[in-house]
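Survey of secondary and tertiary structure
The residues making up each chain are set out below.
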Amino acid sequence: MAHAPGTPTASSAARTASTDMVVMTDVQKHFGEHHVLKDVSLSIAPQEVVVVVGPSGSGKSTLCRCINRLETITSGDIRIDGVTLPQEGKALAQLRADVGMVFQSFNLFAHRTILENVTLAPIKVRGEKKKDAEKHGLELLDRVGIADKADSFPAQLSGGQQQRAAIARALAMRPKVMLFDEPTSALDPEMVTEVLDVMVSLAKEGMTMVVVTHEMGFARRAADRVVFMDDGRIVEQNTPAEFFDHPESERARAFLSKILTH
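Residues numbered from 1 in each chain as written. Predicted model: local features only at pLDDT ≥ 70, side-chain atom pairs only at ≥ 80, totals over all residues. Heavy atoms only, no water.

Naming follows an unreviewed UniProt entry, where the protein chain appears as ABC-type polar-amino-acid transporter of Okibacterium fritillariae. In its Subcellular location (unreviewed entry) section, the UniProt entry covering the protein chain states "Cell membrane". In UniProt, the protein chain has this text filed under Sequence similarities (unreviewed entry): "Belongs to the ABC transporter superfamily." (UniProt positions renumbered as here; feature names shortened; annotations may be inferred.)

Quick look at the structure:
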């Protein structure tokens, strides 16, 4: 990872907006009358791993989905590598190609093999030759530990294997940022570790990552920074050691007392 634990990351006074990979400024998001994101400002440095935690309904997943414009924001500004998120069209598709996303559900194409799932977007969106896309795809499947499943169909894989295939598919686009929205919440407990291990290795390799998760062990192991959200706002953010051992806000203390005692 890019930062030693305990060193300032995006809060550093020396950092300028232009050097950050993701910059959210005064972001508001409404679903009708429901105000889901309230004045959210967040900067994420290249190679930084930010884990977003908080109670259900706090806006974590919406924040994640706004970063690649799966949800449109009501107001504010979001930039990826210095470029403001386009509204629509080709420019948005291009920018989305730079932002990999892994969801709770694996969203694999059931009628295509695992390798076809991984290579489809690089061929269609990036214009890669099939031979090159397949070579890279096989390397990625090996990287996530399922190279032997290249010719299998999603239904023939366990949930953990499907999620690892989904990670390989996102990586196949050579993204600048990877977003993970509760990537282990749909998995049986014994499959969670195999997915988290892949994510930890990505973090160590320097991938810029935003991870929404309830897995506090992963946050301690892999995060440079933990961001705590409640009621649509970022309440506090700190290194994992400081956040878990010395939470600053009453809301974070209450949240941690509930989840860490079970």
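What follows picks up the thread again.
Here we take up the overall build of the protein chain. Summing up its helical and strand segments, the protein chain has nine helices and ten strands in all. Its C-alpha radius of gyration of 18 Å places the protein chain within 12% of the 18 Å reference for a compact globule of 262 residues. Based on the C-alpha atoms only, the size of the protein chain along its principal axes is roughly 50 × 40 × 40 Å. Looking at the protein chain alone, contacts between residues at least 24 apart form 67% of all its contacts between residues at least 6 apart. A total of about 12,100 Å² of accessible surface is found on the protein chain, and carbon and sulfur atoms cover 50% of it. Taken together, the 30 basic and 34 acidic charged side chains of the protein chain have centroids lying 5 Å from each other. (Helix = DSSP H or I, 4+ residues; strand = E, 2+ residues; numbered from the N terminus. Rg over C-alpha atoms; globule rule 2.2 N^0.38 Å. Contact = heavy atoms within 4.5 Å. Areas by Shrake-Rupley, 256 points an atom, 1.4 Å probe, with all protein chains shown as cover. Lys, Arg positive; Asp, Glu negative; His and termini not counted. Charge placed at Lys NZ, Arg CZ, Asp CG, Glu CD.)

This part covers the nonpolar core. What tends to happen in soluble globular proteins is that the nonpolar side chains get buried as a cluster. Formed by 49 residues in total, the largest nonpolar core has its most connected members in Ile167, Met178, Phe180, Met199, Met209 and Phe218. By residue number, the principal contributor to this core is helix H6 (residues 189-204), which donates nine residues. If sequence neighbours within four positions are ignored, Met199 has contacts with Ile167, Phe180, Pro183, Met209, Val211 and Phe218. With 28 residues, the next largest nonpolar core counts Leu42, Ile44, Leu85 and Val210 among its residues. (Core = buried A, V, L, I, M, F, W, Y, C linked by side-chain atoms within 4.5 Å. Buried < 20%, exposed > 50% of the residue type's maximum accessible area, 1.4 Å probe, protein only.)

The end-to-end C-alpha distance of helix H5 (residues 159-171) is 18 Å, a good match for the 18 Å that 13 residues give at a rise of 1.5 Å each. Within H5, 13 of the 13 residues are buried, which leaves it mostly tucked inside the rest of the structure. (Expected span 1.5 Å × (residues − 1).)

Turning next to the UniProt feature "domain: ABC transporter" (unreviewed entry) in the protein chain. When the UniProt feature table is mapped to this numbering, "domain: ABC transporter" (unreviewed entry) covers residues 22-256. In this annotation, residues 22-256 is assigned 39% helix and 26% strand; the end-to-end C-alpha distance for the span is 27 Å.

The next subject is the sheet that holds strand S2 (residues 34-44). If you trace the four strands from one edge of the open sheet to the other, you get S2-S1-S4-S5, paired in antiparallel fashion. Whereas interior strands pair on both sides, the edge strands pair on one side only; in this sheet they are S2 and strand S5 (83-84). Of the pairings in the sheet, the one linking strand S4 (residues 75-80) to S5 comprises two bridges and is antiparallel in character. Bridging across to S5, Arg79 finds its partner in Thr84. (Pairing = 2+ DSSP bridges.)

Another point: the pairing of strand S6 (residues 99-102). Side chains of S6 alternate between two faces, with Val99 and Met101 and Gly100 and Val102 buried alike. Relative to strand S7 (residues 177-181), S6 is paired through four bridges, and the arrangement is parallel. Residue Gly100 lies in a different strand from S7, and its bridge partner there is Met178.

Moving on, we come to unusual backbone geometry. Leave glycine aside and you will find that most residues have negative phi; peptide bonds, for their part, are mostly trans. Even without being a glycine, Asp39 presents a positive backbone phi close to 50 degrees. By relative accessible area, which is 47% here, Asp39 ends up partly exposed.

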